[in-house]
Amino acid sequence: MYDYPLYRPPSESNSIIIQATIGCSHNKCSFCNMYKSKKFTIRSVKDIKNDMNYFRKTYESVEKIFLADGDALIIQVEELKEILTYIKNLFPECSRVTLYGSPKSILLKTPQELSDLKALGLSMIYMGVESGDDEVLNEINKGANSKELIKAAKKVKDSNILLSVTIIAGIGGKENSKSHAIRTGEIINSMSPDYLGVLTLMVEEGTILYNKILNKEFELLNDKEILNEIKLLIEHIHVNEPVIFRCNHASNYISLRGSLPIDKEKLLKQINYYQYTNKFKKEEERRL
Ligand code: SF4
C-alpha cells in the first residue's frame, strides 16, 4: 500500500498512516534526504479514500490518523475538506488527525480555511522550524525566513489547531552555534507552540550538508557542544503559555522532557548533571 520510505513524527507511533501526498513539496533542505528518492505528488482523493476503506476493514478502532508524507497541508483546501469529512464519517471514533505542514503551505491557506479544517477534525500541524536564525535558515535552504515561520505559526495558533514544532541542535555548525541557540529561543517565544521537539543533527550521506562537511565548509558540534547549545536555547526561552518540551528523540545525546516555563530550571539542572557526570549517549548509540 505504501510508497516507501515512510516517515511519521515519533508521537504518531500508534497512528494509522495514510499517504495523502508522496514526498515533500519543498525537498531542498540541505540536511535532509528523507524524500530525495520521491517525486512530489498529491494522491487522488479516490486513492486516499480506498486506503481508508482498507483500514476500516482491518481495524475495529482507529483512534489517531496521520496524513503523510512530507507536506500534506499543501493539498487544495476543498480536497482536504473532503478527506477530513470522509475520516469523520468512516472513523467516528478517531479523536485526532494530524499532518506535516510546511510554512509555505500554511501561509497559502486563509485563516478561514484553517478554521474550516479545524472544524472538520484537523487537530495538529507539525512544522519543521529547524532554527530561528535567518543565516542558518538560508544556509540550510529552509525555504522560509524567521518572519515567515512566525507568521505561519501565528496562523495555526489563531485557528486553534495545535502547533508542534521541531528544531535541530547543531544545525548551525560551530560557526553559528551561539546565534542559532539564541535566535531559536527567541523564535519559540514569538511562536508559543503547543509542543517543541529538539532533535540533534545527524548527517546523512548524499545530502548537501554531507558534502559541505567533506569540503570543510561546515564543522559539526561534538556531544558537549550540543549540550551547551541546548542549554543556551532553553535559557533563552521565555514563554507565558505552556509549551510541552521534548528532547528525547533517538538522535539526542540526552533525554529531556518537561513543560516550559515551569520546568525550565529543572531541565537546565538535568543538563548540568549530564555534563558533570558525562552520562550521555555515545555517538554510536544515537541511531539505536
Ligand atoms: S521540508 Fe522537511 S521533509 Fe522537506 S526537505 Fe525540508 S526537512 Fe526534508
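Our subject is the structure listed above.
Throughout what follows, the structure given in this document is the object of discussion. None of the values given here were measured: they were computed from a predicted structure.

1. Quick look at the overall build of the protein
Scanning the protein for helices and strands turns up 10 helices and 10 strands. By the compact-globule yardstick of 19 Å for 288 residues, the protein fits well, its C-alpha radius of gyration being 19 Å. Once the C-alpha set of the protein is aligned to its principal axes, its extents read approximately 55 × 40 × 35 Å. Looking at the protein as a whole, 51% of its 288 residues are labelled buried. Of all intrachain contacts in the protein linking residues separated by at least 6 positions in sequence, the fraction that spans at least 24 positions is 76%. Here the protein displays about 14,000 Å² of accessible surface, and carbon together with sulfur accounts for 50% of that area. Across the protein, the 40 positively charged side chains and the 38 negatively charged ones have centroids separated by 2 Å.

2. Quick word on the packing of aromatic side chains
Evaluation of the coordinates by the stated rule reveals eight aromatic pairs. Ring centres 5.9 Å apart and planes at 75° place the aromatic pair Tyr-2 and Tyr-4 in the edge-to-face group. Exposure remark for Tyr-2: the relative accessible area of 24% places this residue in the partly exposed category. Each member of the aromatic cluster is reached from another via a ring pair, and the members are Tyr-54, Phe-55 and Tyr-59.

3. Points about the site of the ligand
The full set of residues close to the ligand is Cys-24, Asn-27, Lys-28, Cys-29, Phe-31, Cys-32, Met-34 and Tyr-35. Per-class residue counts for the shell around the ligand are six nonpolar, one polar and one charged.

4. Section: the pairing of strand S9 (residues 243–247)
The alternating pattern of S9 places Val-243, Phe-245 and Cys-247 on a buried face and Ile-244 and Arg-246 on a face that is not buried. Pairing analysis gives five bridges linking S9 to strand S10 (residues 256–260), with the strands arranged antiparallel. Bridge pairing links Val-243 to Leu-260 in S10.

5. Considerations on the packing of helix H6 (residues 146–158) against helix H7 (residues 177–191)
Closest axis-to-axis distance for the H6/H7 pair is 9 Å, and the angle between their directions is 30°. Accordingly, the angle class assigned to the pair H6 and H7 is roughly parallel. In the crossing of H6 with H7, the sense of the turn from one axis to the other is right-handed. Facing H6, whose interface residues are Ser-146, Leu-149, Ile-150, Ala-153 and Lys-157, H7 presents Ile-187, Ser-190 and Met-191. Partitioning the contact of H6 with H7 into residue classes produces five nonpolar, two polar and one charged.

6. A few points about the pattern of salt bridges
A full pass over the atoms with the stated rule returns 15 salt bridges. In this structure, Lys-142 engages Glu-130 in a salt bridge whose closest nitrogen and oxygen atoms are separated by 2.9 Å. Here Glu-130 lies in strand S6 (residues 122–130) and Lys-142 lies in the loop between helix H5 (134–139) and H6, a separation of 12 residues in the sequence. On the accessibility criterion, Lys-142 (10% relative accessible area) is buried. For Arg-183, the salt bridge is made with Glu-186, and the minimal N-O distance between the two is 3.0 Å. Note that Arg-183 and Glu-186 are positioned in helix H7 at a spacing of three residues, about one turn of the helix. On the basis of relative accessible area, Glu-186 is assigned to the partly exposed category, the value being 35%. One network of salt bridges, with partners in common, ties together Glu-78, Lys-81 and Asp-116.

7. Observations concerning empty space enclosed by the protein
In this approach a probe as big as a water molecule rolls over the atoms, and the regions it shows empty are the leftover space. This structure, assessed with the given rule, holds one cavity of 30 Å³ or more. Taken as a whole, the largest cavity encloses approximately 50 Å³ of empty space. Looking at the largest cavity, the residues that line it are Ile-167, Ala-169, His-180, Ala-181, Thr-184, Val-198, Glu-229, Ile-230 and Leu-233. At the level of secondary structure, the elements contributing two or more residues to the lining of the largest cavity comprise strand S7 (162–169), H7 and helix H9 (223–235).

8. Side note on the packing of H7 against H9
Running from N to C, H7 and H9 cross one another at 30°; their axes reach a closest spacing of 7 Å. Taken together, the axis directions place H7 and H9 in an arrangement best described as roughly parallel. Crossing geometry of H7 relative to H9 is assigned as right-handed. Contacts from Ser-177, Lys-178, His-180, Ala-181, Ile-182, Thr-184 and Gly-185 of H7 reach H9 at Glu-229, Leu-232 and Leu-233. Considering only residue class, the contact of H7 with H9 consists of four nonpolar, four polar and two charged.

Scoring rules and cut-offs
Residues numbered from 1 in each chain as written. Predicted model: local features only at pLDDT ≥ 70, side-chain atom pairs only at ≥ 80, totals over all residues. Heavy atoms only, no water. Helix = DSSP H or I, 4+ residues; strand = E, 2+ residues; numbered from the N terminus. Rg over C-alpha atoms; globule rule 2.2 N^0.38 Å. Buried < 20%, exposed > 50% of the residue type's maximum accessible area, 1.4 Å probe, protein only. Contact = heavy atoms within 4.5 Å. Areas by Shrake-Rupley, 256 points an atom, 1.4 Å probe, with all protein chains shown as cover. Lys, Arg positive; Asp, Glu negative; His and termini not counted. Charge placed at Lys NZ, Arg CZ, Asp CG, Glu CD. Phe/Tyr/Trp six-rings, centres within 6.5 Å; stacked < 30°, edge-to-face > 60°. Near = heavy atom within 4 Å. Nonpolar A, V, L, I, M, F, W, Y, C, P; charged D, E, K, R; others polar. Pairing = 2+ DSSP bridges. Axes fitted to C-alpha atoms, helices over the stretch in contact; angles between N-to-C directions. Parallel < 35°, antiparallel > 145°, perpendicular 65-115°, else oblique. Left-handed = near helix turned anticlockwise from the far one by under 90°. Salt bridge = Lys/Arg side-chain N within 4 Å of Asp/Glu carboxyl O. 1 Å grid on protein atoms, 1.4 Å probe; cavity = no way out; pocket = protein on both sides within 12 Å on 5 of 7 lines; lining within 4 Å. Points joined across faces, edges and corners; volume = space filled by probe spheres on them.

Read these as geometric descriptors, not functional statements.
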